[in-house]
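Coordinate analysis (summary)
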Amino acid sequence: MPPRKIIIDTDPGQDDAVAILLALASPEDIEVLGITCVAGNVPLPLTTRNARIVCELAGRPDVPVFAGADRPLGRDLVTAEHVHGKTGLDGPTLPEPTMPMADGHAVDFIIEQLAEHAPGTVTLCPLGPLTNIAMALQKQPAIANRIAKIVLMGGGYFEGGNITPTAEFNIYVDPQAADIVFKCGAPIVVMPLDVTHKALVTRSRNDAFRALDTPVGVAVAEMTDFFERFDKEKYGSAGAPLHDPCVTAYMIQPHLFKGRHINVEIETTSELTMGMTVADWWGVTDRAPNATFMGDIDADGFFTLLTERLARL
Ligand code: RIB
Ligand code: CA
């Protein structure tokens, strides 16, 4: 099978960085058409900086990086420096990027790529708030029928939320955008906290990154060493949850994940539950299924894949 063409929409973020590295380390499985940046973990000027730092760390300054939305559709931006640090990529000391930004807006790039490639051949991989994806759907609704799949990190059901009791960060930051995406009709695969909280960088897994003894291996070990603080403190986790790399791993080895095709709707009115992914896991409504919502992961298989592929860079 030829490599799957993807656009990574991202708000790096240490876990976004690892997801991008895994994609760039897997050319036989994934062709990264471009990286579109959105405000999320940190403001847009930092997410565009961090995306280019990661591309250069991977030796891929040729990957076009586009700037997208600098705020959600209808709410003030909420960021997560408390998790990712002031720069959004705290942990390793990495050189400032030298590669330029690509010309044009991220939303136009998404629309153009979907128009240029045959229907059903481009997959969108959002790793942050869904603002860019929603804006592309609003600007050119016909793209919904051309998207192969939207494989996104976001939401939670059994795990609840990580930014409020009921909402996961990516969905919470821009619930209106998430509502547009989940209603667009394109095939959707969701990597929620229910799965990503099982993909923990334990000490031995972190040691395996460091033992690669490469700039990438050491940087990933330092990123996840920094990034684990929040989850260890809040949940008593055994290590950093690699949220976003679950999206990339699904593109390479989907059998690592198990889930259900169910209805998922987004809370967009109540402030109490704003951004909640209302997942009908038990099929108690007659609402039509619109997403494959993942519930389990082969964590050992995931880390074996990730470590093997990072060793290539
Ligand atoms: O809730 C986790 C998600 O929010 C991840 O994508 C992380 O990078 C942040 O964007
Ligand atoms: Ca992210």
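Going by the structure above, here's the rest.
This write-up is about the structure you can find in this document. Treat the numbers as computed from the prediction; the structure is a model and nothing was measured.

We now examine the coordination of the calcium ion (ligand 2). All of the protein donors around the calcium ion (ligand 2) are Asp11 (OD), Asp16 (OD), Asp16 (OD), Leu127 (O) and Asp244 (OD); their distances to the metal are 2.2 to 2.6 Å. Sequence spacing of the donors to the calcium ion (ligand 2): D-x4-D-x110-L-x116-D. Residue Leu127 is located in the loop between strand 4 (122-126) and helix 5 (131-139), and its partner Asp244 is located in the loop between strand 8 (240-241) and helix 11 (245-252); the two are separated by 117 residues in the primary sequence.

Bringing the side chain of Asp16 into the picture now. If you trace the backbone, Asp16 turns up in helix 1 (residues 14-24). No salt bridge forms around the buried Asp16; measuring N to O, its nearest opposite-charge neighbour Arg49 is 13 Å away. Within the structure, the side chain of Asp16 is placed 3.2 Å from the backbone nitrogen of Asp11, a separation counted as a polar contact. Apart from the residues within four sequence positions on either side, Asp16 is in contact with Thr10, Asp11, Asn41, Leu127 and Asp244.

Right, let's get into the site of ligand 1. Lining the immediate surroundings of ligand 1 are 13 residues, of which Asp15, Leu127, Glu168, Asn170 and Asp244 lie closest. Between ligand 1 and Asp15 there is a distance of 2.7 Å, counted from an oxygen atom to a side-chain nitrogen or oxygen. In the environment of ligand 1, an oxygen atom lies 2.6 Å from a nitrogen or oxygen atom belonging to the side chain of Asp244. Relative to its unbound accessible surface of 280 Å², ligand 1 loses 97% to contact with the protein. Only helix 1 and helix 6 (169-173) provide two or more residues apiece to the shell around ligand 1. Each residue belonging to the shell around ligand 1 can be placed in one class, and the counts come to three nonpolar, five polar and five charged.

This paragraph deals with helix 4 (residues 106-116). What helix 4 keeps buried is the set Ala106, Val107, Phe109, Ile110, Ile111, Gln113 and Leu114. On the buried face of helix 4, the contacting elements are strand 1 (4-10), strand 2 (30-37), strand 3 (65-67), strand 4, helix 5 and strand 5 (147-153).

Given two aromatic rings, one states the distance between the centres and the angle between the planes to describe the pair. Counted by the stated rule, this structure contains eight aromatic pairs. Ring centres 4.7 Å apart and planes at 75 degrees place the aromatic pair Tyr157 and Phe158 in the edge-to-face group. Between Phe209 and Phe303, the ring centres sit 6.4 Å apart and the planes meet at 40 degrees, which makes this aromatic pair tilted. Placement of the pair is Phe209 in helix 9 (residues 203-211) and Phe303 in helix 12 (residues 299-310), with a sequence separation of 94 residues. You'll find Phe209 and Phe303 in the same group, each marked buried. Members of the aromatic cluster, joined through ring pairs, are Tyr157, Phe158, Trp281, Trp282 and Phe293. One Lys or Arg, Arg75, reaches over the ring of Tyr172 and ends 5.7 Å from the middle of that ring. Cation over ring: Arg229 sits above Phe226, and NZ or CZ is 4.0 Å from the ring centre.

So, about unusual backbone geometry. Positive phi, normally seen in glycine, also occurs at Asp213, with a value near 55 degrees. Secondary-structure assignment places Asp213 in the loop between helix 9 and helix 10 (215-235). The exposed category is assigned to Asp213, whose relative accessible area is 64%.

With that settled, consider a nonpolar patch on the surface. Taken together, the side chains of Phe158, Trp282 and Val284 present a nonpolar region at the surface, about 400 Å² in accessible area. Inspection of the secondary structure puts Val284 in the loop between strand 11 (277-279) and strand 12 (291-297).

All right, on to the environment of Phe158 then. Its place among the elements puts Phe158 in the loop between strand 5 and helix 6. When residues no more than four places from it in sequence are discounted, the contact partners of Phe158 are Asp194, Trp281 and Trp282.

The subject of this paragraph is the packing of helix 5 against helix 7 (residues 175-182). Interaxial distance between helix 5 and helix 7 falls to 8 Å at its minimum, and their mutual angle equals 55 degrees. Considered as vectors, helix 5 and helix 7 are oriented oblique to each other. In terms of crossing hand, the pair formed by helix 5 and helix 7 is left-handed. The segment helix 5 lies against helix 7, with Thr131, Ile133, Ala134, Leu137 and Gln138 engaging Ala177, Ile180 and Val181. Looking at side-chain class alone, the contact of helix 5 with helix 7 contains six nonpolar, two polar and no charged residues.

Parameters and conventions
Residues numbered from 1 in each chain as written. Chains lettered and ligands numbered in written order. Predicted model: local features only at pLDDT ≥ 70, side-chain atom pairs only at ≥ 80, totals over all residues. Heavy atoms only, no water. Donors = N, O, S within 2.8 Å, 3.2 Å for Na, K, Ca; no water. Helix = DSSP H or I, 4+ residues; strand = E, 2+ residues; numbered from the N terminus. Buried < 20%, exposed > 50% of the residue type's maximum accessible area, 1.4 Å probe, protein only. Lys, Arg positive; Asp, Glu negative; His and termini not counted. Salt bridge = Lys/Arg side-chain N within 4 Å of Asp/Glu carboxyl O. Polar contact = N/O pair within 3.5 Å; in protein donor to acceptor, adjacent residues only side chain to side chain. Contact = heavy atoms within 4.5 Å. Near = heavy atom within 4 Å. Areas by Shrake-Rupley, 256 points an atom, 1.4 Å probe, with all protein chains shown as cover. Nonpolar A, V, L, I, M, F, W, Y, C, P; charged D, E, K, R; others polar. Phe/Tyr/Trp six-rings, centres within 6.5 Å; stacked < 30°, edge-to-face > 60°. Lys NZ or Arg CZ within 6 Å of the ring centre and 35° of its normal. Patch = residues over 30% accessible without salt bridge, like charges linked within 9 Å, V, L, I, M, F, W, Y side chains within 5 Å. Axes fitted to C-alpha atoms, helices over the stretch in contact; angles between N-to-C directions. Parallel < 35°, antiparallel > 145°, perpendicular 65-115°, else oblique. Left-handed = near helix turned anticlockwise from the far one by under 90°.

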